[in-house]
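Each chain, letter by letter, is given below.
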Amino acid sequence: MVKAIDYLIALDDGHGLGTSGKRTPYIPSIGRQIRENEFNEKVTLYLKGELERCGFRTLLTAPTDGDTPLKERTGLANSRGADALVSNHFNAFDGKFNGPGKDPEGPSLHIYCNDLNDRRLAESIANYLKQGTKQVFRGIIEQNLHMTREFNKAAVLVENGFMDNEKEALLMINEVFQRETAKEQARGVCDFFGVPYVTEKPGGGIKPLEPGSDGVSPDYTGKRVESIYRGSEGLDFYSRPTFNDAYKAGTLKFRYGFSAVLRKLRVEGAYMYEVKNSRGHVYYVTASPKFVKVKGAGRETAPPSNPDPFTVSVAIGEIRVMGVTQAAIIQDRPDRLNSKNIGTIARGRTLQVTGSVRGKNSSSGYWEVIYDGRRAYVTGDYGRYTAY
């Protein structure tokens, strides 16, 4: 019998948050431009949740806000043996709003030339995209693109509309459209692998506990949770509410943790916390007081521009120092001209990464790293990123 857990799906959110040119024209009705990655990241994370609910394992090829090189994205997906890849984008034509009836519109699915597996996956997804929000369907297009050419198995790049069509541009920040698109793509992936689609249930089929029902104080919501486990292998956390190793998302070292507890769940005869990290990604970790401690007032939003340097988020990968003669400087804030140097890291050495930020006075931004147990920063040019 075909089981979803047997398959790993690579998910790619096209371009970085600050990638030059990847944004809409100015939109008077909202008083700003919309960056392409505002849509790409959201729909990719919703797709991740959809697929994991159906039983698939998932892999994010570009988990930071930076513009991860295409070679690194496909290299990661291939090295982990992913069985399919879906890359989300939003198209553009001439970078101008020309008015109703004058701008191109609608989604298209892009595959590598003469690749039958790519085409089967694209057709499966297209069947559902056509049923959603009314758009002009532009078809399945064969094209020599890196993401579909270099990935070893079935891959599709989805252009979900046009950024320079004002009506479709506003769909980019419409949560209903984002979730609908993710669901349509998930149903297509399920059909491609012959796996049943699992309809979402309130709470994902896991009932949150009533306050105090576990016999302890219910005041954990919104607070920081950190590992008190001293084992060298670290404390496991998961991408869905289960203790199944197939959904292990990473490990926490002693005193590392998550910035906010969302709720407490009864899972497989034990308790878990549903938590959120500083980038807004949701994970699950044991709630056993033998392994974790809830402390302090947490936040459920991204960290402030000048965050508490001792509040460390969970590592999502690591950087290897490069682009320097001997060593890179480690700073206490993402501002190379107005920061304190707190150490150095030699060329070729690695540091755990919790994310990336734009910061100030660096066109490449900064890697947010863990250094000596605290939050610190390294200039973006000086690190080659590898996801966990």
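Residues numbered from 1 in each chain as written. Predicted model: local features only at pLDDT ≥ 70, side-chain atom pairs only at ≥ 80, totals over all residues. Heavy atoms only, no water.

**Some words on unusual backbone geometry**
In step 1: The phi angle at N114 is positive, at roughly 60°, despite the residue not being glycine.
In step 2: Relative to the helices and strands, N114 is located in the loop between β4 (108–111) and α3 (116–129).
In step 3: Notably, R255 is not glycine yet its phi reads approximately 75°, a positive angle.
In step 4: Looking at where R255 falls in the secondary structure, it is placed in the loop between β9 (248–252) and β10 (257–258).
In step 5: A relative accessible area of 53% places R255 in the exposed class. (Helix = DSSP H or I, 4+ residues; strand = E, 2+ residues; numbered from the N terminus. Buried < 20%, exposed > 50% of the residue type's maximum accessible area, 1.4 Å probe, protein only.)

**Structural notes on a nonpolar patch on the surface**
In step 1: Residues I30, L170 and I173 make up a contiguous nonpolar surface patch of roughly 190 Å² in combined accessible area.
In step 2: Counting through the fold element by element, L170 comes out in helix α5 (residues 166–171). (Patch = residues over 30% accessible without salt bridge, like charges linked within 9 Å, V, L, I, M, F, W, Y side chains within 5 Å. Areas by Shrake-Rupley, 256 points an atom, 1.4 Å probe, with all protein chains shown as cover. Salt bridge = Lys/Arg side-chain N within 4 Å of Asp/Glu carboxyl O.)

**Thoughts on the sheet that holds strand β6 (residues 154–162)**
In step 1: If you walk across this open sheet you meet the six strands as β2-β1-β3-β6-β4-β5, and the pairing is mixed. Edge positions in the sheet fall to β2 (57–60) and β5 (140–142), since each of these pairs with one other strand and no more. Taken pair by pair, the neighbouring strands of this sheet meet at an average axis angle of 25°, ignoring direction.
In step 2: Inspection of the sheet shows strand β1 (residues 8–13) paired to β2 by four bridges, in the parallel sense. Residue pairing in the sheet places L8 in a bridge with R57 of β2.
In step 3: Strands in contact with helix α1 (residues 36–53) are β1, β2, β3 (84–91) and β6; relative to β3, the strand with the most contacts, it is inclined by about 150°. (Pairing = 2+ DSSP bridges. Axes fitted to C-alpha atoms, helices over the stretch in contact; angles between N-to-C directions. Contact = heavy atoms within 4.5 Å.)

Function-wise, these values are silent; they only describe arrangement.
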